Amino acid sequence: MDNSAQRAGPQQAGNPAGQPAGPQPAEQPAGPQQGRTGLRGKLALVTGGTRGVGAGIARAFVEAGAHTVVCARRPPEKPVEGTEFVPVDVRDPDSVHRLFDDLPRVDVLVNNAGGSPYRPLADTGTATAARRHARVIELNLTAPLTVSLAAYEHLARAGGAIVMIGSVSGARPSPGTAAYGAAKAGLENLARSMAVEWAPDIRVNTLVVGMVRTELSHLHYGDEGGIAAVARTVPLGRLAEPSDIGAAAVFLASDAAAYITGASLLVHGGGERPAFLDAATVNHRTGKGEAG
């Protein structure tokens, strides 16, 4: 955990250090999409919004016209154009509260920060190993709760929305990432409870995300051949792109979803084809309209 970074306030991506921060929400330039999915004049905060899925979400909010702030422990190597960056460790409640104290308003919170290394339960029997699993739960469940609680006053005043970034791992066995799957299951339940407690002031929904192609896909699926093989297990025939997740997050944050709260939206390309269908020796489709 990197708690040593001192916050110097938001930095506009692409602006030299020391220059004024980016425009306030009301000053967004013309051009981004409007209508019921437009977010011009809104301030959106995306945790972990510097790379991968988070960067895709941040980019989508910029394109929708929102003043978009992203936070992470370290600055991005390649900032998303149009965003502001604030260094924050979402596992540190004091840092999180300082973040919201410094923001003029918050209309949308996207709890995206999370993840887990591959860590089988059977390989870990020490107290240190147990703490590592606990840290995964802390990042993927406790931290979104911490951030949401800190954002409550801002969001309630704005009639805002929270989007939790969940995972299909929370609804199926997750060997090698068991603590992550458990945390994501808890996150989805937390969102449903928040939606009831905080209605009608704040809407809370979850995106249940499937497999996404990012710059780190090789760590999970291997080389291009492995990625292609995994993609073939998805009914739509490909992994999601970060932009797919971003578009869904914008929808849930927008007025187009004004009557949606406590919901879980599956963004997984149809899920994963059951393995038994391919293992079975009957009822294999051999051609259009044929069964072998």
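Note: the structure precedes this text.
None of the values given here were measured: they were computed from a predicted structure.

Peer 1: Talk me through the pattern of salt bridges; I want residue IDs and the actual numbers.
Peer 2: Applying the stated criterion to the full structure yields seven salt bridges. The residue Arg172 makes a salt bridge to Glu272 at a minimum N-O spacing of 3.2 Å. Here Arg172 is found in the loop between strand 6 (161–167) and helix 4 (178–198), whereas its partner Glu272 is found in the loop between strand 8 (264–267) and helix 8 (275–279), with 100 residues between them in sequence. Across the salt bridge formed by Glu224 and Arg213, the nearest N and O atoms sit 2.6 Å from each other. Here Glu224, found in helix 6 (residues 224–231), pairs with Arg213, found in the loop between strand 7 (203–209) and helix 5 (217–221); they are 11 residues apart in sequence, far enough to count as distant. Among the residues examined, Arg213 registers a relative accessible area of 31% and is labelled partly exposed.

Peer 1: Would you mind going over the side chain of Asp89 in detail, with residue names and values included?
Peer 2: Within the element layout of this structure, Asp89 appears in the loop between strand 4 (83–87) and helix 2 (93–102). Polar contacts involving the side chain of Asp89 include one to the main-chain amide nitrogen of Arg91, which spans 2.9 Å.

Peer 1: Tell me what's going on with the pairing of strand 2 (residues 43–47), and back it up with residues and numbers.
Peer 2: With respect to burial, strand 2 is a largely interior element, five of its five residues being buried. Side-chain alternation along strand 2 places Leu43, Leu45 and Thr47 on one buried face and Ala44 and Val46 on a second face that is also buried. Bridge count between strand 2 and strand 3 (residues 67–72): five bridges; the pairing is parallel. Residue pairing in the sheet places Leu45 in a bridge with Val69 of strand 3. Two elements, strand 2 and strand 5 (residues 108–111), share three bridges in a ladder whose sense is parallel. If you follow Ala44 over to strand 5, its bridge partner there is Val108.

Peer 1: I'd like to hear about the packing of helix 1 (residues 52–63) against helix 7 (residues 242–253), residue by residue, with values.
Peer 2: As a packed pair, helix 1 and helix 7 sit with axes 7 Å apart at the nearest point and diverge in direction by 50°. The orientation of helix 1 with respect to helix 7, classified from their angle, is oblique. Between helix 1 and helix 7 lies a crossing of right-handed hand. Contacts from Gly52, Val53, Gly56, Ile57, Ala60 and Phe61 of helix 1 reach helix 7 at Pro242, Ile245, Gly246, Ala247, Ala249, Val250 and Ala253. Across the contact of helix 1 with helix 7, the residue classes tally to 10 nonpolar, three polar and no charged.

Peer 1: Talk me through helix 7; I want residue IDs and the actual numbers.
Peer 2: The first and last C-alpha atoms of helix 7 sit 17 Å apart over 12 residues, in line with the 16 Å expected at 1.5 Å per residue. Those residues of helix 7 that fall on the buried side of the exposure criterion are Pro242, Ile245, Gly246, Ala248, Ala249, Val250, Leu252 and Ala253. For helix 7, the elements touching its buried residues are helix 1, strand 5, strand 6, strand 7 and strand 8.

Peer 1: Would you mind going over the packing of helix 3 (residues 127–158) against helix 4 in detail, with residue names and values included?
Peer 2: It is the contact of helix 3 with helix 4, at a shortest axis distance of 8 Å, that shows an interaxial angle of 20°. Taken together, the axes of helix 3 and helix 4 are roughly parallel relative to one another. By crossing handedness, the relation of helix 3 to helix 4 is classed as right-handed. Packed against helix 3, whose contacting residues are His133, Val136, Ile137, Asn140, Leu141, Pro144, Leu145, Ser148, Leu149 and Tyr152, the element helix 4 presents Ala179, Tyr180, Ala183, Lys184, Gly186, Leu187, Leu190, Met194 and Trp198 at the interface. In terms of residue class, the contact of helix 3 with helix 4 is built from 14 nonpolar, four polar and one charged.

Peer 1: Go over unusual backbone geometry, please, and point to the residues and values.
Peer 2: What you tend to see is this: most non-glycine residues have negative phi, and most peptide bonds are trans. Residue Pro200 is bonded to the preceding Ala199 through a cis peptide linkage, with omega at 0°. By the secondary structure assignment, Pro200 is in the loop between helix 4 and strand 7.

What counts and how
- Residue positions are counted from 1 within each chain, in the order its sequence is given.
- For a predicted model such as this one, the threshold for reporting local features is a pLDDT of at least 70, and the threshold for listing and counting side-chain atom pairs is 80 or more; totals across whole chains, interfaces and linings nevertheless cover every residue.
- Side-chain figures throughout are based on the complete set of non-hydrogen atoms in the structure, without hydrogens or water.
- We count a salt bridge whenever a side-chain nitrogen from Lys or Arg sits within 4 Å of a carboxyl oxygen from Asp or Glu.
- Numbering goes from the N terminus for both helices and strands, where a helix is a DSSP run of H or I of at least four residues and a strand is a run of E of at least two.
- A simple rule labels every residue: compare its accessible area, found with a 1.4 Å probe on the protein chains alone, to the largest value its type can have, and call it buried under 20%, exposed over 50%, or partly exposed in between.
- Polar contact is the term for a pair of N or O atoms within 3.5 Å; when the atoms are in protein, one must be able to donate a hydrogen and the other to accept it, and sequence-neighboring residues count only if both atoms are side-chain atoms.
- We call two strands paired when DSSP finds no fewer than two bridges between them.
- In this analysis an axis means a line fitted to C-alpha atoms, helices contributing only their contacting stretch, and an angle means the value between N-to-C directions, from 0 to 180 degrees.
- Working definition: roughly parallel below 35 degrees, roughly antiparallel above 145 degrees, roughly perpendicular at 65 to 115 degrees, and oblique for all remaining angles.
- Each helix crossing is assigned a hand: it is left-handed if the near helix lies turned anticlockwise from the far helix by less than a right angle, otherwise right-handed if that turn is clockwise.
- Any two residues whose heavy atoms approach within 4.5 Å are treated as being in contact.
- Side-chain classes are defined by residue name, with Ala, Val, Leu, Ile, Met, Phe, Trp, Tyr, Cys and Pro counting as nonpolar, Asp, Glu, Lys and Arg as charged, and the others, Gly among them, as polar.
- To estimate the expected span of a helix, count its residues, drop one, and scale the result by 1.5 Å.

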